[in-house]
Amino acid sequence: MYKLVKINDSTATRTVELENEITGHIDVCFDDSALVSTKNFEFMKVGNSYNCFIKLFGTMVNEGDTEAVRCKIISDEVVGYKEFLKVLVDEEVYYIPKNKVKDKTKDEFIFAYTRKDLIKVDKVVHDDLLSE
């Protein structure tokens, strides 16, 4: 569960600051759900807690990239109609599109991400993941 700490509104999109209630880690996540659907994450209120799925947006890289994180695969996961790998980065759980990982036979891989995207909150799935 994540507690919504802060909402940073922009013209068309927003970022949300989420605090993992177990680890205390804060993630700043991009939320463009209101641009693509009326069924979006705008119901979220500061101070409330939600079951959030956070996607890492980026690419696999080689060992030694200083901007990258080590991802340990936990399981395969389907969110909407899209396939993801549920991964552990340190103590935090994230989701990476399965097609972004070249060798799925290994337990771990290195991933460089440029942002974190909010893809599911409670039972509401980002509309981009609902089309095949």
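Residues numbered from 1 in each chain as written. Predicted model: local features only at pLDDT ≥ 70, side-chain atom pairs only at ≥ 80, totals over all residues. Heavy atoms only, no water.

1. Comments concerning the overall build of the protein chain
- Secondary structure assignment for the protein chain yields 1 helix and 10 strands.
- Along the chain direction, N to C, the helices and strands of the protein chain fall in the order β-β-β-α-β-β-β-β-β-β-β.
- Expressed as lengths along the three principal axes of its C-alpha atoms, the size of the protein chain is roughly 40 × 35 × 25 Å.
- Scored against the burial criterion, the 132 residues of the protein chain give a buried share of 39%.
- Sequence-distant contacts, at least 24 apart, represent 60% of the contacts inside the protein chain between residues at least 6 apart. (Helix = DSSP H or I, 4+ residues; strand = E, 2+ residues; numbered from the N terminus. Buried < 20%, exposed > 50% of the residue type's maximum accessible area, 1.4 Å probe, protein only. Contact = heavy atoms within 4.5 Å.)

2. Things to note about the packing of aromatic side chains
- Scanning the entire structure with this criterion turns up 3 aromatic pairs.
- Ring centres of phenylalanine 53 and tyrosine 95 lie 4.6 Å apart, and the angle between their planes is 10°; this geometry places the pair in the stacked category. With a gap of 42 residues between them, phenylalanine 53 in strand β5 (residues 52–60) and tyrosine 95 in strand β8 (residues 92–97) connect regions that are remote in the sequence.
- Relative to phenylalanine 111, the ring of phenylalanine 109 has its centre 6.2 Å away and its plane inclined at 80°; by these criteria the two rings are edge-to-face. (Phe/Tyr/Trp six-rings, centres within 6.5 Å; stacked < 30°, edge-to-face > 60°.)

3. Here's the deal with the nonpolar core
- Counting residues in hydrophobic clusters, the biggest one holds 24 residues, and the most contacted among them are Leu18, Met44 and Leu118.
- Sort the elements by how many residues they give to this core and strand β9 (residues 108–121) lands first, with 4 residues.
- Ignoring anything within four residues of it in the chain, the contact list for methionine 44 reads Leu4, Ile7, Arg14, Leu18, Tyr50, Cys52, Leu118 and Val121.
- The next biggest cluster of nonpolar side chains, apart from the first, holds 7 residues, and it includes Phe53, Phe84, Tyr95 and Ile119. (Core = buried A, V, L, I, M, F, W, Y, C linked by side-chain atoms within 4.5 Å.)

4. A short note on the environment of methionine 60
- Looking at where methionine 60 falls in the secondary structure, it is placed in strand β5.
- Sequence-distant contacts of methionine 60, that is, excluding residues within four places in its chain, are made with Lys100, Val101, Lys102, Phe109, Ile110 and Phe111.

5. Observations concerning the side chain of aspartate 32
- Within the secondary structure, aspartate 32 sits in the loop between β3 (26–31) and α1 (33–36).
- No salt bridge is formed by the buried aspartate 32; its nearest oppositely charged neighbour, arginine 115, is found at 5.8 Å.
- Setting aside residues up to four positions removed in sequence, aspartate 32 forms contacts with Thr13 and His126. (Lys, Arg positive; Asp, Glu negative; His and termini not counted. Salt bridge = Lys/Arg side-chain N within 4 Å of Asp/Glu carboxyl O.)

6. Some details on the state of the cysteines
- Going through the model one piece at a time under the given rule, you end up with 0 disulfides.
- Counting only cysteine sulfurs, cysteine 52 is the nearest neighbor of cysteine 29, a cysteine outside any disulfide, at a range of 7.4 Å.
- The exposure class of cysteine 29 is buried, given its relative accessible area of 0%.
- With no disulfide of its own, cysteine 71 has cysteine 29 as its nearest cysteine by sulfur position, at a separation of 15 Å. (Disulfide = S-S within 2.5 Å.)

7. Looking at the side chain of histidine 126
- With respect to the helices and strands, histidine 126 occurs in the segment after β10 (124–125).
- Take histidine 126: its relative accessible area is 5%, and that puts it in the buried class.
- A distance of 3.0 Å separates a polar side-chain atom of histidine 126 from the backbone nitrogen of aspartate 128. (Polar contact = N/O pair within 3.5 Å; in protein donor to acceptor, adjacent residues only side chain to side chain.)

8. Some points on the pattern of salt bridges
- One pass over the full model with this rule turns up 6 salt bridges.
- Ionic pairing is found between arginine 70 and glutamate 108, a salt bridge with its closest N-O pair at 3.3 Å. On the criterion of sequence distance, the pair formed by arginine 70 in strand β6 (residues 68–79) and glutamate 108 in strand β9 is long-range, its members being 38 residues apart.
- Given a relative accessible area of 40%, arginine 70 falls into the partly exposed group.
- Accessibility expressed as a relative area gives 34% for glutamate 108, which makes it partly exposed.
- The shortest N-O distance in the salt bridge between aspartate 76 and lysine 98 comes to 3.0 Å. One end of the pair, aspartate 76, is in strand β6; the other, lysine 98, is in the loop between β8 and β9, with 22 residues separating them in the sequence.

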